[in-house]
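Structure at a glance
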Amino acid sequence: MSNPNQKSFPVTWDQFHRDSRALAWRLAGMGSFDAVVAIARGGLVPAAIVARELNIRTVETVAVKSYDHQNQGGIKVLKEISQPVLDIAKNGGKVLIVDDLVDTGSTARVVREMLPGAHFATVYAKPKGRDMVDTFITEVSQDTWIFFPWDLDVAYVAPISGGTD
């Protein structure tokens, strides 16, 4: 974290799995979806969990880069959505877009332009991007950096008192 005033929110694999399943529960009441599009890379894990829970067999990815570690940069589409999934949406099918987080909404805006009628769901949402998604589970403040389980490793942490035992 480059900003010392920035809050951190570490998420374990267990918590992320629970939150992703909670997202699936929330989406289950909306009827069946014909395809899910995961925004790579962060959306891969929650999209796989949601696809399993909702029995969605058509799973697609779109690769969009908007972060360099912790610094936001310009948006770059690295992999487009395949034509068969675009055709599902074009022909009236229900497509679900899944990502781990909506932050400023920049990535969401780009992907929404690709699939304007799709339902957009994220596990976590920050205020600046919240309006870009249709469904999310947990809102975190804009000044919070979420450390996802794939960003973390188990390591020793010294006691708050500064002791060594």
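Residues numbered from 1 in each chain as written. Predicted model: local features only at pLDDT ≥ 70, side-chain atom pairs only at ≥ 80, totals over all residues. Heavy atoms only, no water.

1. A look at the packing of aromatic side chains
The line we're drawing: Any Phe, Tyr or Trp ring, taking Trp's six-membered ring, that has another such ring centre within 6.5 Å forms a pair; planes under 30 degrees apart are called stacked, those over 60 apart edge-to-face, and the others tilted. Secondary structure elements follow DSSP: runs of H or I no shorter than four residues count as helices, runs of E no shorter than two count as strands, and numbering proceeds from the N terminus. The classification of residues rests on relative accessible area computed with a 1.4 Å probe and restricted to protein chains. Under 20% of the type maximum is buried, over 50% is exposed, and intermediate values are partly exposed.
Evaluated as defined, the whole model comprises seven aromatic pairs. Note on W13 and W150: the rings are 5.8 Å apart at their centroids and 55° apart in plane angle, and the pair reads as tilted. Note that W13 is positioned in helix α1 (residues 13-28) and W150 in the segment after β8 (144-147), a separation of 137 residues in sequence. W13 sits in the partly exposed class, given a relative accessible area of 47%. With a relative accessible area of 34%, W150 lands in the partly exposed category. For the pair F16 and W150, a centre-to-centre distance of 5.3 Å together with 85° between the ring planes defines the contact as edge-to-face. Of this pair, F16 sits in helix α1 while W150 sits in the segment after β8; the two residues are 134 residues apart in sequence, bridging distant segments of the chain. Accessibility expressed as a relative area gives 1% for F16, which makes it buried.

2. Details of the nonpolar core
General note: in soluble globular proteins, nonpolar side chains tend to be found buried as a group. Just so we agree on the cut-off: As used here, the term nonpolar core means buried Ala, Val, Leu, Ile, Met, Phe, Trp, Tyr and Cys residues forming a set that is joined through side-chain atoms within 4.5 Å. The contact rule is simple, with two residues in contact once any of their heavy atoms fall within 4.5 Å.
Ranked by internal contacts, the top residues of the largest apolar core, which has 21 residues, are L23, L27, V36, L96, Y124 and I146. Top contributing element to this core by residue count: α1, with four residues. Contacts of L27, omitting those with residues within four sequence positions, involve F33, V50, L54, L96, H119, A121 and T135. Grouped together as the second largest cluster of nonpolar side chains are 19 residues, I39, V64, M114 and A125 included.

3. Considering unusual backbone geometry
In the segment running from A40 into R41, the intervening peptide bond is cis, with an omega of 10°. Topologically, R41 is positioned in the loop between β2 (35-40) and α2 (44-54).

4. Regarding the environment of W13
In this structure the C-alpha to C-alpha distance between W13 and P159, which are 146 residues apart in sequence, comes to 24 Å. Contacts of W13, omitting those with residues within four sequence positions, involve V45, P149 and W150.

5. Structural notes on the UniProt feature "binding site: GMP" (unreviewed entry) in the chain
Short version of the rule: UniProt positions are given in the numbering used here, feature names are shortened, and annotations may be inferred rather than shown by experiment. N or O atoms within 3.5 Å of each other form a polar contact, as long as, within protein, one can give a hydrogen and the other can take it, and as long as residues adjacent in sequence are counted only when both atoms are side-chain atoms.
The UniProt record marks D103, T104, G105, S106, T107, W145 and I146 with the feature "binding site: GMP" (unreviewed entry), using the residue numbering of this structure. Following the sequence through the fold, T104 ends up in the loop between β5 (95-102) and α4 (106-114). Under the relative-accessibility criterion, T104 is labelled partly exposed at 22%. Of the polar contacts made by the side chain of T104, one reaches the side chain of S106; its length is 3.0 Å.

6. Section: the pattern of salt bridges
Condition: What makes a salt bridge here is a side-chain nitrogen of Lys or Arg within 4 Å of a carboxyl oxygen of Asp or Glu, nothing more.
Under the defined criterion, the tally for this structure stands at seven salt bridges. Note that E53 and R21 form a salt bridge whose closest N and O atoms lie 3.1 Å from each other. Note that E53 is positioned in helix α2 and R21 in helix α1, a separation of 32 residues in sequence. The exposure class assigned to R21 is partly exposed, which follows from its relative accessible area of 32%. Its salt-bridge partner being K79, residue E60 comes within 2.8 Å of it at the nearest N-O pair. Taken together, the positions of E60 in strand β3 (residues 59-68) and K79 in strand β4 (residues 71-79) put the pair 19 residues apart, joining distant regions of the chain. We classify E60 as buried; its relative accessible area is 10%.

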